Amino acid sequence: MKKNSLFLFFVLSLLSAGLTAQSIMGFNAAKGTEETNLENQFDAKLKPQNLRDWMQRMSSKPCYVGTEKDRDNANFIRDQFRAWGWETRIDTSYVLFPTPLFRQLELVAPTQFKASLTEPALKEDATSSQLKDHLPTYNCYSADGDVTADLVYVNYGIPADYEALEKLGVDVRGKIVIARYGGSWRGIKPKVANEHGAIGCIIYSDPRDDGYAQGDVYPKGPFRNENGVQRGSVLDNPLYPGDPLTPGYGATKDAKRLDYRDAPTIMKIPVIPISYADALPLLQALGGPVAPHEWDGRLPITYHIGPGPSKVHLKLKFDWKIQPVYNVIAVLKGAEYPDEWIMRGNHHDGWVFGANDPLSGMVAEMEEARALGELWKSGWRPKRTIVYCSWDAEEPGLLGSTEWAETNQAEIAQKAVVYLNTDGNSRGFLEAEGSHTLEKFFNEVARDVTDPQKGVSVAERLRSFNAVHGSAEEKKEAATSAYFHIGGLGSGSDYSCFLQHIGIASMNIGYGGESNGGDYHSIYDSFDDYIRFKDSDFAYGVALAKTMGRSVMRLANATTLPFEFQHFSSTVRQYGNEVMKLAETSRTQAEEHNRLVREGRYEAAADPTKPFIKPALMDEPPYINFAPLENALSKLEKSANRYAELSTAQASPEQLKQLNGLLAQTERYLTDPKGLPIRPWYKHQIYAPGFYTGYGVKTLPAIREAIELKKWKEAETGVETVSRAINQFTAQIDAAINLFAKP
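Residues numbered from 1 in each chain as written. Predicted model: local features only at pLDDT ≥ 70, side-chain atom pairs only at ≥ 80, totals over all residues. Heavy atoms only, no water.

Concerning the overall build of the chain
Within the chain one finds 23 helices and 18 strands. The principal-axis extent of the C-alpha atoms belonging to the chain is close to 80 × 65 × 65 Å. Taking all contacts inside the chain whose residues are at least 6 apart in sequence as the whole, residues at least 24 apart take part in 80%. Carbon and sulfur atoms make up 51% of the accessible area of the chain, which amounts to about 28700 Å² in all. The average position of the 82 basic charges and that of the 94 acidic charges among the side chains of the chain differ by 1 Å. (Helix = DSSP H or I, 4+ residues; strand = E, 2+ residues; numbered from the N terminus. Contact = heavy atoms within 4.5 Å. Areas by Shrake-Rupley, 256 points an atom, 1.4 Å probe, with all protein chains shown as cover. Lys, Arg positive; Asp, Glu negative; His and termini not counted. Charge placed at Lys NZ, Arg CZ, Asp CG, Glu CD.)

A look at the pairing of strand 7 (residues 200-204)
Taking burial as the measure, the five residues of strand 7 include five buried ones, the bulk of the element. What you see with strand 7 is no split at all: Gly200, Ile202 and Tyr204 on one side and Cys201 and Ile203 on the other are buried throughout. As defined by bridge partners, strand 6 (residues 176-180) adjoins strand 7 across five bridges and the pair is classed as parallel. Bridge pairing links Ile176 to Gly200 in strand 7. Handedness of the strand 6-helix 6 (residues 188-195)-strand 7 crossover: right-handed. Relative to strand 9 (residues 271-274), strand 7 is paired through four bridges, and the arrangement is parallel. The residue of strand 9 that forms the bridge with Ile202 is Ile272. (Buried < 20%, exposed > 50% of the residue type's maximum accessible area, 1.4 Å probe, protein only. Pairing = 2+ DSSP bridges. Right-handed = clockwise from strand over helix to strand, strands pointing away.)

Quick word on the nonpolar core
Formed by 135 residues in total, the largest nonpolar core has its most connected members in Trp86, Leu372 and Phe626. Those residues in contact with Phe626, other than ones at most four positions away along the chain, are Val579, Met580, Ala583, Ile703, Ile707 and Val719. If you look at the next biggest cluster of nonpolar residues, it comprises 70 residues, including Tyr162, Ile266, Leu283 and Tyr303. (Core = buried A, V, L, I, M, F, W, Y, C linked by side-chain atoms within 4.5 Å.)

Thoughts on the sheet that holds strand 10 (residues 311-319)
An order of 3-2-10-5-6-7-9 is seen for the seven strands of this open sheet, with the pairing classed as mixed. Edge positions in the sheet fall to strand 3 (113-114) and strand 9, since each of these pairs with one other strand and no more. As paired strands, strand 2 (residues 99-109) and strand 10 are joined by nine bridges and run antiparallel to one another. Bridging across to strand 10, Pro100 finds its partner in Phe318. Here helix 6 sits on the sheet and contacts strand 6, strand 7 and strand 9; the angle it forms with strand 7, its principal contact strand, is near 150°. (Axes fitted to C-alpha atoms, helices over the stretch in contact; angles between N-to-C directions.)

Brief notes about the pattern of salt bridges
This structure, assessed with the given rule, holds 42 salt bridges. Ionic pairing is found between Glu599 and Arg595, a salt bridge with its closest N-O pair at 3.0 Å. Arg595 sits in the partly exposed class, given a relative accessible area of 32%. A salt bridge links Arg642 to Asp734; the nearest nitrogen and oxygen atoms lie 3.9 Å apart. Separated by 92 residues along the polypeptide, Arg642 in helix 20 (residues 627-644) and Asp734 in helix 23 (residues 712-738) bring together distant segments of the chain. Overall, the relative accessible area of 41% leaves Arg642 in the partly exposed class. Three or more residues are tied together by salt bridges with common partners; here these are Glu39, Asp43, Arg447, Asp448, Arg550 and Arg554. (Salt bridge = Lys/Arg side-chain N within 4 Å of Asp/Glu carboxyl O.)

Let's talk about empty space enclosed by the protein
According to the stated counting rule, one finds one cavity of 30 Å³ or more in the structure shown. Empty space within the largest cavity amounts to approximately 110 Å³. If you trace the largest cavity, you find it lined by Leu676, Pro677, Ile678, Arg679, Phe691, Pro701, Ala702, Glu705, Ala706, Leu709 and Glu714. Classifying every residue of the lining of the largest cavity gives eight nonpolar, no polar and three charged. (1 Å grid on protein atoms, 1.4 Å probe; cavity = no way out; pocket = protein on both sides within 12 Å on 5 of 7 lines; lining within 4 Å. Points joined across faces, edges and corners; volume = space filled by probe spheres on them. Nonpolar A, V, L, I, M, F, W, Y, C, P; charged D, E, K, R; others polar.)

Description of the confidence of the model for the chain
For the chain, the mean per-residue pLDDT works out to 94, and 97% of the residues sit at or above 70. Note on residues 1-21: pLDDT under 50 across the span, and 22 contacts to partners over four residues away in sequence or across chains. (pLDDT = per-residue confidence, 0-100.)

Quick notes on the packing of helix 18 (residues 566-598) against helix 20
Helix 20 packs onto helix 18 with a crossing angle of 165° between their chain directions and a minimal axis gap of 9 Å. On the basis of the axis angle, helix 18 is roughly antiparallel to helix 20. Helix 20 is crossed by helix 18, and the crossing has left-handed handedness. The residues of helix 20 that touch helix 18, namely those facing Gln566, Phe568, Ser569, Val572, Arg573, Gly576, Val579 and Met580, are Leu629, Glu630, Leu633, Ser634, Leu636, Glu637, Ala640, Asn641 and Ala644. Looking at side-chain class alone, the contact of helix 18 with helix 20 contains nine nonpolar, five polar and three charged residues. (Parallel < 35°, antiparallel > 145°, perpendicular 65-115°, else oblique. Left-handed = near helix turned anticlockwise from the far one by under 90°.)

Let's talk about the layout of surface pockets
In this structure, the largest pocket spans a volume of roughly 1900 Å³. Mapped onto the lining of the largest pocket, the elements with two or more residues apiece are helix 5 (159-167), helix 6, helix 18 and helix 22 (701-708). Examining the composition of the lining of the largest pocket, we find that seven residues originate from one element, helix 5, more than from any other. Considered as a void within the structure, the second largest pocket measures approximately 1300 Å³ in volume. Lining the second largest pocket are 44 residues, and of these Asn356, Asp357, Glu431, Tyr520 and Tyr695 lie nearest its centre. Counting residues per element, the ones that place at least two in the lining of the second largest pocket are helix 7 (207-210), helix 9 (355-377), strand 15 (428-434) and strand 16 (505-513). With six residues, the single largest contributor to the lining of the second largest pocket is strand 16.

Digging into the sheet that holds strand 14 (residues 416-422)
The mixed open sheet is built from seven strands, whose spatial order is 1-11-13-12-14-16-15. Two strands close off the open sheet at either side, each with one partner strand: strand 1 (87-96) and strand 15. Going across the sheet, the axis of each strand differs from the next one's by a mean of 20°, ignoring polarity. Contacts from helix 13 (residues 458-469) reach strand 15 and strand 16 within the one sheet, and its direction differs from that of strand 15 by about 95°.

What to know about the pairing of strand 10
As defined by bridge partners, strand 5 (residues 145-153) adjoins strand 10 across six bridges and the pair is classed as antiparallel. Counted as the bridge partner of Val147 is Leu314 from strand 10.

Describing the environment of Gly145
Mapped onto the elements of the fold, Gly145 is located in strand 5. A relative accessible area of 17% means that Gly145 is categorised as buried. Note: C-alpha distance between Gly145 and Ile269 (124 residues apart in sequence) is 6.9 Å. Aside from chain neighbours lying at most four places away, what touches Gly145 is Pro270, Leu314, Lys315 and Leu316.

Comments concerning unusual backbone geometry
Residue Gly306 is joined to Pro307 through a cis peptide bond whose omega torsion reads 0°. Topologically, Pro307 is positioned in the loop between helix 8 (276-284) and strand 10. Omega for the peptide link from Asp357 to Pro358 comes to 20°, which places this bond in the cis form. Within the secondary structure, Pro358 is located in helix 9.

Brief notes about the packing of helix 2 (residues 29-45) against helix 9
Here helix 2 crosses helix 9 at 125°, and the two axes come no closer than 9 Å. In this view, helix 2 runs oblique relative to helix 9, as classed from their interaxial angle. Of the two possible hands of crossing, helix 2 and helix 9 adopt the one that is right-handed. Residues Leu38, Gln41, Phe42 and Lys45 of helix 2 form the contact with helix 9, whose own contacting residues are Glu367, Glu368, Arg370, Ala371, Leu372, Glu374 and Leu375. Here the contact of helix 2 with helix 9 is composed, by residue class, of five nonpolar, one polar and five charged.

Set out below in structure tokens:
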């Protein structure tokens, strides 16, 4: 081991030791010891064989929405929870879930080729032979369509790629575009294509991003083979998730529904996913300019942009059915605060067999529930009510969780304290995103879970990884801090409605990074694939159960809810600095551009062999008044510091009840009832999915996205809205502090 590695290991060990010596947030020393003993009992009850058996059973047949297997899995999960002592029920919603009636994609010029649009069975993958039961390869919520047009290659199909096409003089109006997966969430690709006038969209998996460029392909290795296809929803979730026909309210059996042709989140053009085997002939036939080097994939061709001479015919027709979805809800009632809920969820529906996504997370949640049930039967009672959820219809667009939350919104807003989410899980490093009021709490949880591969805490392993492979900021943090930062939440799983619509502090947790592969949303996301290439002994499934079980028990048992505001304050301060810098950069760039235009610098730098189009002058951004935001952040910092000094050691039961009531509601005050511009469903003012990123988070979105889109009046309004939310949040902290103010 090198000297610098020895030093780094020594520093990290000291930091870890300092963190370990701390007590558990929300507990005094005696109660902390009781909690540790309880968690040790919980750990001893976890059995990896259970996870293996349940995954094999639940992934034995396709379990997508509307199948008998989907309903059977919901009933199985319900019956297991009941046997473990939970009060359990199934709540049913009724949602739009279209499936293909007809799919056709063919190259009609300059040569002819018909895409197979199929994934073949493999002898090494037992369930892949159920060909008649597979959900076909398609993008859910594509429009019906029958279009023929020249093809244009648009790289990842994100806004920046269309800016590059414009500079090259390529127009996609009236064309069909082909984009590779990656760069953004898939639903952004047809959305942006439609905005630029395209009449159809094809999305393919390029081996550079998802195939043989990464390693051996399935079944020899874990990566996507030439026939593998990534299914997936293209519902415009950045507008609102959930059932597209019942925006903002629950999809009950008798709910008033939009006509699907009028639903704003359903794509307006036909879109289909294909394999790289099907994509090759289409791309091979393209002419036009050679694509920029950074647009190159790894197919054995020179990548051209088009349009033409490649011309394709795309025809799609769907069955626009309403289907029932089955959410399993299980409850262990709290002994002291039954109306304070600690919520935990994972979904149970897949695109086909769903072994990794989502059942690897679902079986961990079930094993947590079984162990908690055993503790319950032995006499343990949590202070707060624990609610475990197994969601349906997550894959089409977070339908099950969103419709359940919208149906029960009033009660959830009153009672839910925290929502803890998982999805797929595999071998590797801890991955954590969420509300930064829970950052310190979750660091303590991670400190107390041992990594099954390395024998150190999962927190220490993550910090060590960041110290070597992280960004410059992560490397600095790993060498100087006992804590790791969690990311902010955008979208992509069932936390969205709880955090971003209702304002429930939320976390999304999993393990991964050492089991990458190309099974995602294909027929090869199977039990055979999982036990060969993901988490063969389910050690990280147990690690996830330990992580989430601890999180649930600590939140349910804590004397004082373990919210902490200094980490939140410093994080939001960073977000504020970012948007202020973004505004300044936008202004500087516009001024510099206009100077170069006026001085004729662009003409001087132009290629004399090509026609020159003089750039237009840009509107120079006004100076945005960030004073309200700066003042709000300063107040927040002061209150966060004051709360950190607060001691509740001598608090009366009534004071603790009032304090916890205030803390449980803090995240609600970061929402605004009017929501974000254009998309009022998203009410949280700190975190939201980006309008053009989908899954990726945009922080302080009302300000950040307005600046990015050069909507300066909207940015000014965003500053006021965000500042008001932060001030409301700070006032709630102050109310908690004032409970203990001396007369």
